[in-house]
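Coordinate inspection notes
One letter stands for each residue in the lines below.
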Amino acid sequence: MTTKIATGALAALLITGTAATAQEVNVYSSRHYDTDDAFFGAFTEATGISVNRIEDDADVLIERIRSEGDLGAADVFITVDVGRVARADEADIFQPLNMPELEDEVPANLRTDDWTAFSTRARVIFYDKNDVTDPPKTYDDLADPKYKGLVCTRSSSNVYMQSLLASIIVHEGEDAAREWATGVMNNLARDPVGGDTDQLRGIVSGECDIALANHYYFARGLAGEVSGLTEGIEDIGISWPNQETTGTHINISAIGIVKTAPNVENARKLIAFTLTPEAQKLLADGNNEFPVVEGLEPSEAAKTMGEFRPDEVPLGEVAAASNTAQMIYNEVGYK
Ligand SMILES: [Fe+2]
């Protein structure tokens, strides 16, 4: 009886069924945005490949991938900020992407052989329009003694702070970076506290006159109601740093294929999908980030913030300098 029914349509069904269970991709992600659900749903719809997702802090996921080794299920690792990508690289969890098509789609400074950006974010200087008539025009300006007691940043243990300093190391060298960290520390309005939104809130509350934050935290306050920010956002000015020099520091959301990935081909399909216009929109808009594929528009709120010239330094070099950046902050005593 068994042999009888395992023929024709049922046999085909069994075979398809077997194939279907293999059609999956395992994603370890440290991005926690609701719109990423829509992205993964769209991928499954377009390819039939189901997505199993584990979300956690980047460092936890890196450690998990490392300790699972050959038995691991992870196919791709997704994170934000090249400082975290650097830690993943250091833990040696990636294999080469082997996707030559990326060369046409993603600017060369936003990828290496092992990972690629799929969206970008900018680190911006914000200021109180009522109190600051001559806002800083460069990151270096933040260290100018004329801004003593005015500047708010988050703690140097934060990866965004480390990547910015790493980019200064790449452009100006370690001595200049040390001088910068000392100068900014001496200009602080308060001990570093809170996240990027809290630096912007500091301007609204009057505690800070100048603040460093990623652009999308401001865009979020424009697009919706962010308590402590939206009600005073009209009074916050935007200064896109380094427009006359190296360009504004940008960072990335990034994706790479895990060395021990059981589903490498599906991982490549997922990465290719991140660069389609549909996916670029879902991934970038969800957090008001900028698409990496040229010619695609950012979200309305991000657009409202105006245009700027981004720093084009290879982010792989910035990643490589991030340990030195942390060392310098520790050395000068930046909290
Ligand atoms: Fe963030």
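Note that the structure is a prediction, hence the values are computed from the model and not measured.

**Some words on the overall build of the chain**
Tallying secondary structure elements over the chain gives 15 helices and 10 strands in all. Here the C-alpha atoms of the chain give a radius of gyration of 22 Å, agreeing with the 20 Å that 2.2 N^0.38 yields for 335 residues. Counting only C-alpha atoms, the chain reaches 90 × 40 × 35 Å along its principal axes. Across the 335 residues in the chain, those meeting the buried criterion constitute 52%.

**With respect to unusual backbone geometry**
A positive phi angle is found at Asp 92, which is not glycine, with a value near 60 degrees. One can find Asp 92 in the loop between α5 (82–90) and β4 (94–95). Classification of Asp 92 as partly exposed rests on a relative accessible area of 44%. In the Ramachandran plot, Asn 242 falls in the positive-phi region, its phi being about 60 degrees despite a non-glycine side chain. Here Asn 242 is to be found in the loop between β8 (236–239) and β9 (250–258). Judged by relative accessible area, Asn 242 falls into the buried class, the value being 9%.

**Structural notes on the pattern of salt bridges**
One pass over the full model with this rule turns up 23 salt bridges. Salt-bridge contacts for Arg 268 lead to Glu 265; the nearest nitrogen and oxygen are separated by 2.6 Å. You can see Arg 268 and its partner Glu 265 sitting in helix α11 (residues 264–274), three residues apart, about one turn around the helix. Given the relative accessible area of 18%, Arg 268 is considered buried. On the accessibility criterion, Glu 265 (49% relative accessible area) is partly exposed. By sharing partners, the salt bridges in this structure join Arg 31, Asp 36, Arg 121 and Glu 289 into a single network.

**Overview of the side chain of Thr 248**
Its location among the elements puts Thr 248 in the loop between β8 and β9. Of note is the side chain of Thr 248, whose polar atom sits 2.7 Å from the backbone oxygen of Pro 241. With residues up to four places along the chain from it excluded, the contact list for Thr 248 reads Ala 122, Arg 123, Tyr 139, Trp 240, Pro 241, Asn 242, Gln 243, Phe 308, Arg 309, Pro 310 and Asp 311.

**Considering the state of the cysteines**
This structure, assessed with the given rule, holds one disulfide. Between the sulfur atoms of Cys 152 and its disulfide mate Cys 208 the distance is 2.0 Å. A torsion of -85 degrees about the S-S bond marks the disulfide between Cys 152 and Cys 208 as left-handed. Of this pair, Cys 152 sits in strand β6 (residues 151–152) while Cys 208 sits in the loop between α9 (196–205) and β7 (210–214); the two residues are 56 residues apart in sequence, bridging distant segments of the chain.

**Remarks on the environment of Ala 284**
Tracing the chain through its elements places Ala 284 in helix α12 (residues 277–285). Note: C-alpha distance between Ala 284 and Ser 253 (31 residues apart in sequence) is 9.2 Å.

**A short note on the confidence of the model for the chain**
Within the chain, residue pLDDT values average 92, and 93% of them lie at 70 or more. Note that pLDDT drops below 50 for residues 1–20; the model gives that stretch two contacts with residues more than four away or on any other chain.

**A word on the coordination of the iron ion**
The textbook angles at a metal center are 109.5 degrees for a tetrahedron of four donors and 90 or 180 degrees for an octahedron of six. Those donors, Tyr 160 (OH), Tyr 216 (OH) and Tyr 217 (OH), are the protein atoms that reach the iron ion, and they lie 2.0 Å from it. Donor residues for the iron ion, ordered by position in the chain, follow Y-x55-Y-Y. Separated by 56 residues along the polypeptide, Tyr 160 in helix α7 (residues 159–172) and Tyr 216 in helix α10 (residues 215–223) bring together distant segments of the chain. Across this residue pair, the class does not change: Tyr 160 and Tyr 216 are buried.

Basis of the calculations
- Residues numbered from 1 in each chain as written.
- Predicted model: local features only at pLDDT ≥ 70, side-chain atom pairs only at ≥ 80, totals over all residues.
- Heavy atoms only, no water.
- Helix = DSSP H or I, 4+ residues; strand = E, 2+ residues; numbered from the N terminus.
- Rg over C-alpha atoms; globule rule 2.2 N^0.38 Å.
- Buried < 20%, exposed > 50% of the residue type's maximum accessible area, 1.4 Å probe, protein only.
- Salt bridge = Lys/Arg side-chain N within 4 Å of Asp/Glu carboxyl O.
- Polar contact = N/O pair within 3.5 Å; in protein donor to acceptor, adjacent residues only side chain to side chain.
- Contact = heavy atoms within 4.5 Å.
- Disulfide = S-S within 2.5 Å.
- pLDDT = per-residue confidence, 0-100.
- Donors = N, O, S within 2.8 Å, 3.2 Å for Na, K, Ca; no water.

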